[in-house]
Amino acid sequence: MEEFEGMAVEPVTQWQLFSTRLRRHRLAMVSGVILLLIGLIALAAPLFTCPNNEPECGRLLPHPTDQLAEPDGRLATTIAPRGDYPFGTDEVGRDVLSRVVHGGRASLIVGVVTGLMVAIMGSIVGAFAGYYPGAIDQGLMRFTDLILGLPLLPVAIVVGRLLPELTFVPEFMTSGPWGIAILLGSLLWGGLARIVRAEFLSLREKEFVEAARAAGANDRRIIFRHILPNAMSPIIVQTTLIVGAAIIIEAALSFLGFGVRPPTPTWGGMAAAGAGIAPRGLWWELAFSASALIITVLSVNFLGDGLRDALDPTQTIERK
Amino acid sequence: MTEPLLSVKDLRTYFSTEEGIVRAVDGISFDLMPGERLGVVGESGSGKSVTAMSIMRLVEPPAGEIVTGTVTYHGRNLLAITEDEMRAVRGGQIAMIFQDPMTSLNPVYTVGDQLIETIMLHQDVNKRDARNVAAQALSDVQIPNAADRLDDYPHQFSGGMRQRVMIAMGLSCNPEVLIADEPTTALDVTTQAQIMDLMLRLAADRGTAVILITHDLGVVAGFCDNVQVMYAGGIVERGSNDDIFYRPQHPYTWGLLGSMTRLDEEQQVRLHSIRGAPPSVIDLPDGCRFRPRCDFATDRCAQELPLLRKIEGRGEVACHHAEELDLEITRAVGAAG
Amino acid sequence: MFAYVIRRLVYGAVTLLALSMVVFWLLQKTGASPLDRLKLNPRIQPDYLASLTERYGLDKSGPEQYWIWLKRFVTPREASIGGLPSILAISAGVAYSVLASRFIKSRQFAVRIAKIGAGVLIWGFVLFTVWNRMNIVLDWGDSFRGDGPVFEDITLAAGASFRLGMTALFLAVMIGIPLGIYQATKQYSFFDQLGTTFSFVAFSTPIFIIGVFLQLGLGLYLERWTGVKLFYVAGMTSSSYESFTTLQRAGDILQHLALPAISIAAISLAGYSRFQRASMLEVLHSDYLRTAKAKGLPRRRVILKHALRNAMIPIVTLISLDIASIIGGAIITESIFGWPGVGRLYIDAINAVDYPAIMAVVMAIGAGIVVMNIVADILYGVLDPRVRYE
Ligand SMILES: Nc1ncnc2c1ncn2[C@@H]1O[C@H](COP(=O)(O)OP(=O)(O)O)[C@@H](O)[C@H]1O
Ligand SMILES: [Mg+2]
């Protein structure tokens, strides 16, 4: 029973090691806090917002898609940042602060949903391929190669463009971030599947797997209870990288007009609109949306970096 | 008595790490005579490799630093000469062989490339002659078809063969000192003996002195003239092969002997063993470093660091109670060699 | 290796086939058929509509339309490879490749390089000969926007994209790799920290933001504030390009090329330098480097000979993976900078749901990625003797 004790104790010390290492990575901690804040703000955005922009509602922000009127009744278009509009207003007179805050929702949904999809699909495909050599491995990996061989952005662009018109796509996915998230999730899992497969190939041969098998555990139990937890580090690290990439791709699609459709605010879409008026010296819409985007992705990547250092200090090479 | 070839005095090498200062080598002194075969043994982490790396001046700054000490070689302090002068010593006069032959050769260059490079660096020969010397060196270490195999890449050799290549490379410039850091640890048992035998025979032919580092007493038993035992960055016992194997004085050496595997036996026979784990060289206990694991420790051991001293009729030992202890060796070891 | 390349090409073809099916299927699954879309365009005459319907089988079922498309796509409208000289050249190339992979077995680096170098030269000559004599016009359909044959559009645009993509790749490799190596040899120095920070920020910045900011900052505002026009923010050449001298032309090209190329390069460069730094550090701590130092080699030799080649091996794979993102990045950058490349063609086609054009461009981009990946894989094998092509 000595070994059993050892196994029970180990995760705790591992966890402690991990958390001390992560805490030492100050930038990663700060990034985590920033992400948490951005997430909370985006999540709570509707609570600060007047649903129909009625002046007497007294909430903090106007509705992100409503145009604002000045006292003289004209639309408050392209007002530079000032007290009542800290981030200014856009070309059609909508409050940029409110739009930046709400724009985070799309990025977040895409980041989280894509990340989850990739983690789940990549792990499952990689696990089965790595655990069952031969036909299953071959078949799954050929399929993975196929997905990895697709030109990511061109495919994402054409699907993004057609999404609102595709007849088989459910309504909720057609114009909001959900469709984009699911699209990216189904395109981006290949890299993780390869990594998980490699982990499984080596872990499959380890003693603890033999022991579990000898103890009568079935394959499913061995895969999900015994091997997968041991492959968690690369899964987490790779998923974090994917989250950053997904947020960037969503923004790029929205920038090109093939992502989340107006009037829903997105950082990418705002950057496109902002870039259009920036040559006239109207810098704020571009500046604030771009900053929000960069800060978010930077935080995700710093967090990923910290996680990698904390989870696996020996592994130094990453990306994709 | 002849002059020592290499003389290490009060060498201290520390590493600064996130956990604190690692005193990997903490005040060791020893001499190496010309042609001597000196075994250095100790558990892993006791500072053997760092000692070797310090002599070669290959400890990597900024983490590692040789804090004090001298390494005298032909009247010069190797720790004080310039980097250029040191480079002539490295590989030319003092050569080193490392533990893992699988990773110690550069995978993208042929074995011949790497041998010829060494030879041309230290000897005044042209490329053609260097190639001949290299082929000769390979055939000296009993690699068949030596001349052809020069054009092979390391991955085309087995582990044992690669270690032969490393030996050939180490000896190709006829160094005066060969430092072999666990040269056979990564190899299987049958290959181990062959390689060890080959290396020491070639060294003897050339009159090369050898420092053989290992954590396995069985390896040194048959091959060395003198042995020193390291523990937590210091030398705890030193003596001739017979001193160490028949008349051990330090409880640590005694423990090591008790748990050693004999070369001629398949299974490990444990007579007595050392309890506890090796100390962290960050938080060393006061007094004797071995005290927490020692069955014979007294109050004095907790206060006073024992120094290495010569015991009449035996070797040197760093233990306050060497005279009182009667560390019986229950089994004739060393006879195997 | 010849067999390996062939096999990779087959895999690539399968990928492209799958790609074409997916995109074609998606285009079919929109609410409106291509026919409906065309009907919306008042400029299109009914008889033209009828001829298109006839030609593309627009009134047929989806799979049938795909089959019609596929047949047309792979069947050249005109094809001649230029008679005997081309045939001889091709035979020579194939013969060399087969013989060389059969009989030249030396593991010497120089011999490997010579063998592959000869292969490249011979195939270069073959391609040159064939290129000069052949006449292949593929029928990739006519753009539904009335711009004529898509194949011609693509061959024109491909040149522009190639110029942009290669410049960006060149910049990224020539700056990113030395940067990473230098950082690794000076780990934790101020310069290293600076480089790491830069690459982290660049790596986390979407390419369109870099593009837009370069366009505004170095293009527009620099000129506005200083009066000097250093860079152009749109197009590939000035309108008066034809009347320029050679020198002026070169300058004009660079002025147009700089900003879009830097935009694409910046992100790849960040990735390369980070990756190169990591792989160099790993090599610097490797056992064989310790061996090299213990032999008494000078530090320069240790780094330039023993470390560099090992540290370059993994980056080649990264570059091969990155080709796809450079091409992807080019789509966005080309549309920002009005660069007349394949990417912009694609965006235009997509906007109009111009299905022959979308299909053709997607296939062209996919094929580009497949070919570049094979090239990178071969390069990998040249650098690393442990790789065998089976
Ligand atoms: N580069 C390094 N950085 C930090 N600590 C090191 C380094 N190299 C060795 N050490 C530490 O020095 C001690 C002695 O190591 P070493 O000489 O390699 O032991 P061994 O006797 O097994 O060869 C160990 O505790 C090790 O952790
Ligand atoms: Mg060691």
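The structure presented is a predicted model; accordingly, all values stated were derived computationally and were not measured.

Draft legend 1. Looking closely at the domain arrangement of chain B. All names here are of chain B. Assigned domains within chain B: domain 1 (6-224) and domain 2 (230-333). Using only C-alpha atoms to locate each centre, domain 1 and domain 2 end up separated by 27 Å. Counting from both sides, the interface comprises 25 residues of domain 1 and, opposite them, 21 residues of domain 2. Counting the surface lost from both domain 1 and domain 2, the interface buries some 1900 Å², and carbon and sulfur atoms represent 60% of this. Our count for the contact surface shared by domain 1 and domain 2 stands at two salt bridges. Here arginine 293 makes a salt bridge to glutamate 43, at a shortest N to O gap of 3.1 Å. On the surface where domain 1 and domain 2 come into contact, there are nine residue pairs in polar contact (both at pLDDT 80 or more).

Draft legend 2. View of the site of ligand 1. All names here are of chain B. Looking at ligand 1, there are 13 residues lining it, with Gly45, Gly47, Lys48, Ser49 and Val50 nearest. Take glycine 47: an N or O atom from its main chain is 3.0 Å from an oxygen atom of ligand 1. At a separation of 2.8 Å, an oxygen atom of ligand 1 approaches a polar backbone atom of valine 50. Relative to its unbound accessible area of 550 Å², ligand 1 is 65% covered by the protein chains. For the shell around ligand 1, the secondary-structure elements that each account for two or more residues are β1 (6-17), β2 (20-32) and α1 (48-55).

Draft legend 3. Spotlight on the sheet that holds β2 of chain B. Residues and elements named next belong to chain B. If you trace the four strands from one edge of the open sheet to the other, you get β2-β1-β4-β5, paired in antiparallel fashion. In this open sheet, the two strands that pair with only one neighbour each are β2 and β5 (76-77). Where β1 and strand β4 (residues 64-73) come together, eight bridges link them in antiparallel fashion. When the bridges of β4 are listed, tyrosine 14 appears paired with glutamate 65.

Draft legend 4. View of helix α3 (residues 111-122) of chain B. The terminal C-alpha atoms of α3 of chain B lie 17 Å apart, and with 12 residues this matches the ideal 16 Å at 1.5 Å per residue to within 8%. Residues of α3 of chain B that are buried: Val111, Gly112, Gln114, Leu115, Ile116, Glu117, Thr118 and Ile119 of chain B. Contacts from the buried residues of α3 of chain B go to α4 (127-140), α5 (146-149) and α6 (159-171) of chain B together with α12 (299-337) of chain C.

Rules used in this analysis
Residues numbered from 1 in each chain as written. Chains lettered and ligands numbered in written order. Predicted model: local features only at pLDDT ≥ 70, side-chain atom pairs only at ≥ 80, totals over all residues. Heavy atoms only, no water. Domains from an automatic or database assignment. Contact = heavy atoms within 4.5 Å. Buried area = accessible area lost by both parts, 1.4 Å probe. Salt bridge = Lys/Arg side-chain N within 4 Å of Asp/Glu carboxyl O. Polar contact = N/O pair within 3.5 Å; in protein donor to acceptor, adjacent residues only side chain to side chain. Near = heavy atom within 4 Å. Areas by Shrake-Rupley, 256 points an atom, 1.4 Å probe, with all protein chains shown as cover. Helix = DSSP H or I, 4+ residues; strand = E, 2+ residues; numbered from the N terminus. Pairing = 2+ DSSP bridges. Expected span 1.5 Å × (residues − 1). Buried < 20%, exposed > 50% of the residue type's maximum accessible area, 1.4 Å probe, protein only.

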